[in-house]
Amino acid sequence: MIKHLIVLLMMMVLSGCGYNTLQSGDEGIKAAWAEVLNQYQRRADLVPNLVNVVKGYAAHEKDVLVEVTEARAKVGALQATPELVNDEQAFQKFIAAQGQMTSAISRLLAVAESYPQLKADGLFRDLQAQLEGTENRITVARNRYIAAVKEYNITVRSFPSNLTAMMFGYRTKPSFTVENEQAIAVPPKVDFGAPATVNSH
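Residues numbered from 1 in each chain as written. Predicted model: local features only at pLDDT ≥ 70, side-chain atom pairs only at ≥ 80, totals over all residues. Heavy atoms only, no water.

1. Quick look at the layout of surface pockets
Formally: Here a cavity denotes a set of grid points, spaced 1 Å apart and computed over the protein atoms alone, in which a 1.4 Å probe fits but from which it cannot get out, and a pocket denotes an open set meeting protein on both sides within 12 Å along at least five of seven lines; residues with an atom within 4 Å of a point are reported as lining. Grid points are joined across faces, edges and corners, and a volume is the space filled by probe spheres set on the points. Here a strand is any run of E in DSSP of at least two residues, a helix any run of H or I of at least four, and the numbering for each starts at the N terminus. When residues are grouped by polarity, Ala, Val, Leu, Ile, Met, Phe, Trp, Tyr, Cys and Pro land in nonpolar, Asp, Glu, Lys and Arg in charged, and all others, Gly among them, in polar.
Volume-wise, the second largest pocket comes out at about 170 Å³. What lines the second largest pocket is Leu-37, Tyr-40, Gln-41, Ala-44, Arg-72, Val-75, Gly-76, Leu-78, Ala-80, Phe-94 and Gln-98. In terms of residue count, the dominant contributor to the lining of the second largest pocket is helix H2 (residues 19–58) (4 residues). For the lining of the second largest pocket, the class distribution of residues is 7 nonpolar, 3 polar and 1 charged.

2. Examining the packing of H2 against helix H6 (residues 122–157)
Convention followed: Axis angles are defined between N-to-C directions and span 0 to 180 degrees, where every axis is a line fitted to C-alpha atoms and, for a helix, only to the segment in contact. Oblique is the label for every angle not falling under 35 degrees (roughly parallel), over 145 degrees (roughly antiparallel), or within 65 to 115 degrees (roughly perpendicular). Handedness of a crossing follows from how the near helix is turned relative to the far one, being left-handed for an anticlockwise turn of less than a right angle and right-handed for a clockwise one.
Two elements in contact, H2 and H6, have axes separated by 8 Å at closest approach and are oriented at 160°. By the angle between their directions, the pair H2 and H6 is classed as roughly antiparallel. With respect to the hand of their crossing, H2 and H6 are arranged in left-handed fashion.

3. Examining helix H3 (residues 62–77)
This is how the line gets drawn: Helix span, as expected, comes to 1.5 Å for every residue beyond the first. Relative accessibility thresholds used throughout: buried, under 20% of the residue-type maximum; exposed, over 50%; partly exposed, between the two (1.4 Å probe, protein chains only). Directions from the helix axis toward the C-beta atoms define the arc. What makes two residues a contact is simply this: any of their non-hydrogen atoms within 4.5 Å.
Between its first and last C-alpha atoms H3 spans 22 Å; for 16 residues at 1.5 Å apiece the expected length is 22 Å, and the two agree. Inspection of H3 places Val-64, Leu-65, Val-68, Ala-71 and Val-75 among the buried residues, and these make up the whole buried set. Looking straight down H3, one finds its buried side chains confined to an arc of 130°; they lie on one side. Looking at H3, the residues exposed on the side facing more than 90 degrees away from the buried face are Lys-62, Asp-63, Glu-70, Gly-76 and Ala-77. Buried residues along H3 sit against H2 and helix H4 (88–112).

Remember that the coordinates give geometry; whether it matters functionally is a separate question.
Put into C-alpha cells, the structure is as follows:
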C-alpha cells in the first residue's frame, strides 16, 4: 500500500515537473527528424538520375558531375540515424554534408542553362519538378524540426523541469545554426524560365 502511494506521489511530482512534457517533446523531435532524413534521402535518390541525364548532354562538364556525385557519396557515407539528434558533432557533420550537396546540385543545374536540348528533355524536366518538390518538403520538415527542438530545449532549460531533465538524463538537442541554415535554406534554383547569368569570378 505504501509503495503504491509512493509511486502515485512520484508520478504526480514528475508530471508537475515536466517529465511528461519532456517525454512527448523527445518523441516529437524523433518524428520531426525522421521526416527530415526521409526528405534528404528522397533528394539523394534523385541525384544519380539527374547526373546521368546531364551527362548525356554535357559529358565534358566533368568537374561539376564529379562534384555532385562526390557530395552524394559523402552524404551516403554518414550514418543518418535518429540518434544524430543526440550527438552535436555528428549532427553538424551531417548538416554540413547536406549543405555541400545543395551547392553541388545548384552548380549542376546552372550548367544545364547552357544546354537548350537538355532543358527540353522530358526526363530532365520531370527530375527538375521532383527536385523542386523535394526541396520544398525539406524546408517544411526542417522548420518543423526546428520548432520541435526549440520547444523541447526550453523545457529542458526551464525550472523546475530542468531538475527532472537532469535526473533522467534529458539534454538539449542540436538544431540548425544560423550558418548552416543559410547554407541549406535556399533550395537549388530549378526555374529555367530566366536566362543564365554568367559569373565572371
